[in-house]
Amino acid sequence: MTDRPEPPDFANSRAILIGTGTYQRSGFQPLPAALNSLTAVRQVLTDPRLCGWPPDRITAIPDPSDIRELLPQLRELARATRGVLLLYYVGHGVILPRGQLCLTLTDTNPDHPDAGGLVYDRVREVFLDSPAKVKVVVLDCCYSGRAIEALAAGADPAGAAHIRGAYILVASDRAAHVVPLSEQAEATTSFTGTLLELIREGMPGGPVWLTLGALYPHLQDRLRERALPPPNQLGTDSANLFAFTRNAAHRSPFATALAAAFIRGRSHCDVSLERLAQESGRSPEEVSSYLSGAAIAPRDFVDAFVAALERHGVPLPPGLLGKLHELRLTELRDSPLPAVQVVYLQEVTEQLREAVTVLTRERDEERRGRLADRALAARLAARLTAEEERIRRLQESSEEKDRRLAAAVAFAHARESDLTEIRREAESLGRELGVLRLQVQRLMDQADGEPLPPPDADPVMAVAVPPPVLALATAPGPEAERTAVPVARAQPAGPPRPRPSRRAPVPLGRVLAQGLLLLIGLSVVGAGFDRFLDESVRVTAHQGAPACGRPGIAAGVDCLRPETGRVTAKFSEDGEASTAYKISVLRDTASGTETYTVGKRFYDDVDSGTEVDLKVWLGHVVETSYHGHRADVPLYDRWEMVLVALLIGVGTSVAVLGGVLARLNNPGVLWGAPVAIGFTSWMGSSIFVQAEFSPWVTMPVGVFCWLLASAATWGFATV
């Protein structure tokens, strides 16, 4: 027998319970205990704390009357069973003339039992015809040991029947024991009652699940102690792997750890059961049931239990509280009782709710932090924009000052040459004035009686004085100097020097208008490319996405969800170049039908009512398939492409207008550019998106084509 028996797959198993307690002929004594045993076995099989069979997988047949109806029913149930096939019979058993065992029915004739009874050879044939992996027969009737003899007769231990994984448990090789008829109103048969008693009590120290083979020695000992007929068994192949019932006496790891901690506290500081019950707010009986494993301790008791041990100074292993809660949740999860499983789901839901609350709080804090960062970034961006504008104005002012300074320097250079000539003339006039003063002095000396020197005596006197100078020299006093006719300055020889021309400044309003138009145009174009990128990413995002339900996918990751849909109609549409084949599908998770375009073979293979497979991405069907045929469902949005084309076309014209505003020679180009560029953008983006090319390919190609179109528009507008 294996140490770890496996529970049956109840979805593919069947238990057939037959009990005969009422007989139509006087040759068989009534047997009310048989029907009581049938009811008791059904209760144990459906008890979720023990065998745990679903009620719909158990077929109970009390008092069967017609072998012609019973035998086909057994065959039908056996052929439909692939897991565990369990047959239990309780009633009278008789031996046929050739030594065969016959199970009696209500209408069985005592003189000819094989005519209306269930011969065990037919039961063996039913079992041979069943595909069940494990086949179990429990017979509680007289001479039931003949079934084992029939199976053991031959080379094969299964009785030459080749029954894989067979196990037979019988009440007795001779007459079975049953209490007197007067005591059978509430009693069961001795064999069935003892077996059910063992199942309800369990095996202390045994595994979680018990097989019939593990129960058999205890059943044999208990029947022997009560002086009852000994049972018999025969098992082959994988029948020992069939876990018949849970061990009612098994103590869970949680209860074991809880009891070990209590024993530690009692040995160190004499923590009694009564003190522990008082400090935890429970009755001693409740605490005892928690420590024995009869009941699962709730969370608050475990917390109070560990806290009480710590208060009394009991040394506990590190992490004991977490380990106890982990074991407790495991026991709640594995419990067969629905009420206990509801408690487990409530606690897990509460833990998940607390985790969601913590994650929500962290997300809100992170979101607030991002919003604060965005606000700070917006303020910094505004300050940066203002600083850039101030720097631009300072640069414009500096350039204007540089232009004025250059003009002033040129003007100063021109005036410097004029000043040099004026200085030269002033020096010449100064020399002439000195000569005139000397002559005036001599004339005044002559008027006082001194003779004039001869002309050759003083070479200065021989200098010819122009009449205007003489008039100036003879004028009396400074008043005459102020009223004298000014002397004309001598002009330098040669042509006049040209003055440098002053460059006219560029109007600031026009610069701002051009910059504003250029910024608006490029922003609109950028918005168009951004919408194109979003649409391209949306259309191709499902490529390479994992399928929902695959192991290792983190929570919240977008995945391809499989669905099924039913074809409601199919039709074709003839076009100029080809024919489009379409099907209408009704989805399980959507209201109304959706129409998809498929290939010719796909269209020919499906009919109305056919179930097709769908792959859904974020609520949209992206692929339909049926028997190897596959058709992609495009997520292309034509109106989104029209908006992209409109933004790129209009934005390009506005940007080009801002660039060539001062040199615009052909305004008609700017009216035709949105139409031409918009149509080209619509065609290109539609082709790229419908073909589901990667954005890393479509964006560089689109930007390059836009640059060529913008350059051509710029050139034609300035021609």
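Since the structure is predicted, the reported quantities are computational estimates derived from the model, not experimental observations.

Asker: Please clarify how the sheet that holds strand β17 (residues 629-632) should be interpreted in this entry.
Answerer: Across a sheet, strands are paired by hydrogen bonds formed along the backbone, either parallel or antiparallel in direction. An order of β14-β13-β12-β15-β16-β17 is seen for the 6 strands of this open sheet, with the pairing classed as antiparallel. Each end of this open sheet is capped by a strand with a single partner; those strands are β14 (593-598) and β17. Between one strand axis and the next, the sheet turns through 40° on average, direction left out of account. By the bridge criterion, 6 bridges tie strand β13 (residues 579-587) to β14 in an arrangement that is antiparallel. By the bridge assignment, K582 is partnered in β14 with T597.

Asker: Teacher, can you tell me more about the side chain of E400 here?
Answerer: By secondary structure assignment, the location of E400 is in helix α13 (residues 338-447). For E400, a relative accessible area of 18% gives the class buried. A distance of 2.2 Å separates a polar atom in the side chain of E400 from a polar atom in the side chain of R403.

Asker: What should I look at first to understand helix α4 (residues 120-128) in this one?
Answerer: Because each turn of an α-helix spans 3.6 residues, side chains separated by three or four positions end up pointing in the same direction. The complete set of buried residues in α4 reads Y120, V123, V126 and F127. For α4, the angular spread of the buried residues around the axis is 105°, confining them to a single face.

Asker: Looking at this structure, I do not really get helix α9 (residues 273-280). What am I missing?
Answerer: Taken residue by residue, α9 has L276, A277 and S280 as its buried positions. Projected onto a plane normal to the axis of α9, the buried residues spread over an arc of 100° and lie on a single side. Those residues of α9 that are exposed and angled more than 90 degrees off the buried face are E274 and Q278. Residue G281 follows α9 closely and has a positive phi angle near 75°.

Asker: I would appreciate a short explanation of the sheet that holds strand β10 (residues 232-235) in the present structure.
Answerer: Across the sheet, which stays open at both edges, the 6 strands sit in the order β2-β1-β3-β7-β8-β10 with mixed pairing between neighbours. Both edges of this open sheet fall to β2 (58-62) and β10, since each of them pairs with a single strand only. Across the sheet, the mean angle separating the axes of adjacent strands is 10° when strand polarity is ignored. Relative to strand β8 (residues 166-170), strand β7 (residues 134-140) runs parallel, the two being bridged by 5 bridges. In the strand pairing of β8, V138 is matched with L169. Together, β1 (14-19), β2 and β3 (84-90) form the strand contacts of helix α1 (residues 32-46), whose direction differs from that of β1 by roughly 160°. Across the sheet, helix α7 (residues 212-225) is in contact with β7, β8 and β10; its angle to β8 comes to roughly 20°.

Cut-offs applied
- Here the residue numbering is sequential within each chain, running from 1 through the sequence in written order.
- Whole-chain, interface and lining totals are the exception, using all residues; otherwise, since this is a predicted model, local features are given only for residues with pLDDT of at least 70 and side-chain atom pairs are given and counted only at 80 or more.
- Side-chain numbers here rest on the full set of heavy atoms in the structure, without hydrogens or water.
- Two strands pair if DSSP finds at least two bridges between them.
- In this text, helices come from DSSP runs of H or I with a minimum length of four residues, and strands from runs of E with a minimum of two, each type numbered from the N-terminal end.
- In this analysis an axis means a line fitted to C-alpha atoms, helices contributing only their contacting stretch, and an angle means the value between N-to-C directions, from 0 to 180 degrees.
- Only protein chains enter the area calculation, which uses a 1.4 Å probe; residues under 20% of their type maximum are buried, those over 50% are exposed, and those in between are partly exposed.
- Polar contacts here mean pairs of N or O atoms no more than 3.5 Å apart (in protein, one a potential hydrogen donor and the other a potential acceptor; neighbouring residues in sequence count only if both atoms are side-chain atoms).
- This arc is built from the directions going out from the helix axis to the C-beta atoms.
- Whether two residues touch is decided by their heavy atoms; if any such pair falls within 4.5 Å, the residues are in contact.

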